[in-house]
Amino acid sequence: DQQVKQNSPSLSVQEGRISILNCDYTNSMFDYFLWYKKYPAEGPTFLISISSIKDKNEDGRFTVFLNKSAKHLSLHIVPSQPGDSAVYFCAAGSIFGNEKLTFGTGTRLTIIP
Amino acid sequence: DARVTQTPRHKVTEMGQEVTMRCQPILGHNTVFWYRQTMMQGLELLAYFRNRAPLDDSGMPKDRFSAEMPDATLATLKIQPSEPRDSAVYFCASGLGEGGQDNEQFFGPGTRLTVL
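Residues numbered from 1 in each chain as written. Chains lettered and ligands numbered in written order. Predicted model: local features only at pLDDT ≥ 70, side-chain atom pairs only at ≥ 80, totals over all residues. Heavy atoms only, no water.

Considerations on the sheet that holds strand 1 (residues 4-5) of chain A
All names here are of chain A.
At step 1: Strand order in the open sheet made by the five strands is 1-3-8-7-6, with antiparallel pairing throughout. The open sheet has two free edges, formed respectively by strand 1 and strand 6 (56-59), since each of these has just one partner strand.
At step 2: By the bridge criterion, four bridges tie strand 6 to strand 7 (residues 62-67) in an arrangement that is antiparallel. When the sheet's bridge partners are listed, asparagine 57 is paired in strand 7 with valine 64. (Pairing = 2+ DSSP bridges. Helix = DSSP H or I, 4+ residues; strand = E, 2+ residues; numbered from the N terminus.)

See below:
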């Protein structure tokens, strides 16, 4: 039972354009969400997070949007750069779940120069 | 430069052999997590510890996997006996145990395990 789903295994975007990565969840108890970025042969690194009391959080070129009613969040990267090519994981947690995070299967983003 | 370290980085073994993976969490972090990355499931949580006490190992096949924290600087994940289906990348992560969106986990580089 995949509680966090990233339905697009891969995405290709032209350099300079906007990249939009999507994530859906099924557990309404999740109340915070994080995005991680992973390069080959490295561990995932934290990118940006959002609490369920907000619908948007922005950090430089990265913005995460949360639609609680649709149980959907998205990560926007603009403008996309070649260094953004990586696998992106969406993760969700609950204050009732201690520090446990539930991760999605990841989306491989390729930025085309 | 505080990092989570994992050894070995790569391990090739034969079916039936014991495998031990080691992790050194970031000093001062009180939570440690073991994940397995597979194509189908993404990052699966196998086990996690807070202040060295195991809190959840429900994601781990109990008959062959075991996770321990002998001290605050070492976490181990052991597979005995190993099977080809255990081939995956195993990540260790540590964190400060803060709740909410500040619950950032810091990942090690992973151990790539291949069981022949």
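Comments concerning the nonpolar core
At step 1: Among the nonpolar cores identified, the biggest contains 23 residues, and A:Phe33, A:Trp35, A:Leu73, A:Leu75 and A:Tyr88 are the most heavily contacted of them.
At step 2: Of all the secondary-structure elements, those providing two or more residues to this core are strand 3 (19-25), strand 4 (32-38), strand 5 (45-51), strand 7, strand 8 (72-77), strand 9 (86-93) and strand 11 (107-112) of chain A.
At step 3: With four residues, strand 9 of chain A is the largest single contributor of residues to this core.
At step 4: B:Val19, B:Cys23, B:Met60 and B:Leu113 belong to the second largest nonpolar core, which has 22 residues in total. (Core = buried A, V, L, I, M, F, W, Y, C linked by side-chain atoms within 4.5 Å. Buried < 20%, exposed > 50% of the residue type's maximum accessible area, 1.4 Å probe, protein only.)

Some words on the pattern of salt bridges
At step 1: With the rule as written, the count across this model stands at 10 salt bridges over all chains.
At step 2: One salt bridge in this structure joins A:Lys37 and A:Asp84, with 4.0 Å as the shortest N-O distance. Of this pair, A:Lys37 sits in strand 4 while A:Asp84 sits in the loop between strand 8 and strand 9, and the two are 47 residues apart along the sequence. A:Asp84 shares its class with A:Lys37; the two are buried.
At step 3: Of the charged contacts in the structure, one is a salt bridge between B:Arg64 and B:Glu83, with a shortest N-O distance of 3.5 Å. Of the two residues, B:Arg64 is situated in the loop between strand 6 (53-56) and strand 7 (65-71) and B:Glu83 in the loop between strand 8 (74-79) and strand 9 (88-95); the sequence distance between them amounts to 19 residues. (Salt bridge = Lys/Arg side-chain N within 4 Å of Asp/Glu carboxyl O.)

A word on the interface of chain B and chain A
At step 1: Listed as interface residues are 23 residues of chain B and, on the opposing side, 24 residues of chain A.
At step 2: When the two sides are added together, the surface that chain B and chain A hide from each other amounts to roughly 1,900 Å², 52% of it contributed by carbon and sulfur.
At step 3: Of all residues in chain B, B:Leu43, B:Gln101 and B:Asn103 give up the largest surface area on contact with chain A, accounting jointly for 30% of the area buried on that side.
At step 4: Along the contact surface separating chain B from chain A lie two salt bridges.
At step 5: Across the pair B:Asp56 and A:Lys100 runs a salt bridge whose closest N-O atoms are separated by 2.8 Å.
At step 6: Here chain B is connected to chain A by six residue pairs in polar contact (both at pLDDT 80 or more).
At step 7: Secondary structure elements with two or more residues in the side of chain B that touches chain A: strand 4 (31-38) and strand 5 (42-50) of chain B. (Contact = heavy atoms within 4.5 Å. Buried area = accessible area lost by both parts, 1.4 Å probe. Polar contact = N/O pair within 3.5 Å; in protein donor to acceptor, adjacent residues only side chain to side chain.)

So, the packing of aromatic side chains
At step 1: Taken as a whole and judged by the stated rule, the model has 12 aromatic pairs over all chains.
At step 2: Relative to A:Phe30, the ring of A:Tyr25 lies with its centre 6.2 Å away and its plane at 65°, an arrangement referred to as edge-to-face.
At step 3: Relative to A:Phe46, the ring of A:Tyr36 has its centre 6.0 Å away and its plane inclined at 75°; by these criteria the two rings are edge-to-face. Within this pair, whereas A:Tyr36 is found in strand 4, its partner A:Phe46 is found in strand 5, the two being separated by 10 residues in sequence.
At step 4: An aromatic cluster of at least three residues, connected via ring pairs, comprises A:Tyr36, A:Phe46, A:Phe89, A:Phe103, B:Phe33, B:Tyr35, B:Tyr48, B:Phe91 and B:Phe107. (Phe/Tyr/Trp six-rings, centres within 6.5 Å; stacked < 30°, edge-to-face > 60°.)

Brief notes about the confidence of the model for chain B
It should be kept in mind that the predicted coordinates are not to be read in detail where pLDDT is low.
At step 1: Here chain B shows a mean pLDDT of 92. Residues at 70 or above account for 98%.
At step 2: Element-level pLDDT for chain B is lowest in strand 6 of chain B, with a mean of 90, against a maximum mean of 98 in strand 3 (residues 19-24) of chain B. (pLDDT = per-residue confidence, 0-100.)

Observations regarding the state of the cysteines
At step 1: Under the definition given, this model contains two disulfides over all chains.
At step 2: The disulfide partner of A:Cys23 is A:Cys90, and the S-S distance across this bridge is 2.1 Å. Taking the sign of the S-S torsion, -75° for the link of A:Cys23 and A:Cys90, the bridge is left-handed. With A:Cys23 in strand 3 and A:Cys90 in strand 9, the pair connects residues that are 67 residues apart, well separated along the chain.
At step 3: A relative accessible area of 1% places A:Cys90 in the buried class.
At step 4: Here B:Cys23 is linked by a disulfide to B:Cys92, with a sulfur-sulfur distance of 1.9 Å. (Disulfide = S-S within 2.5 Å.)

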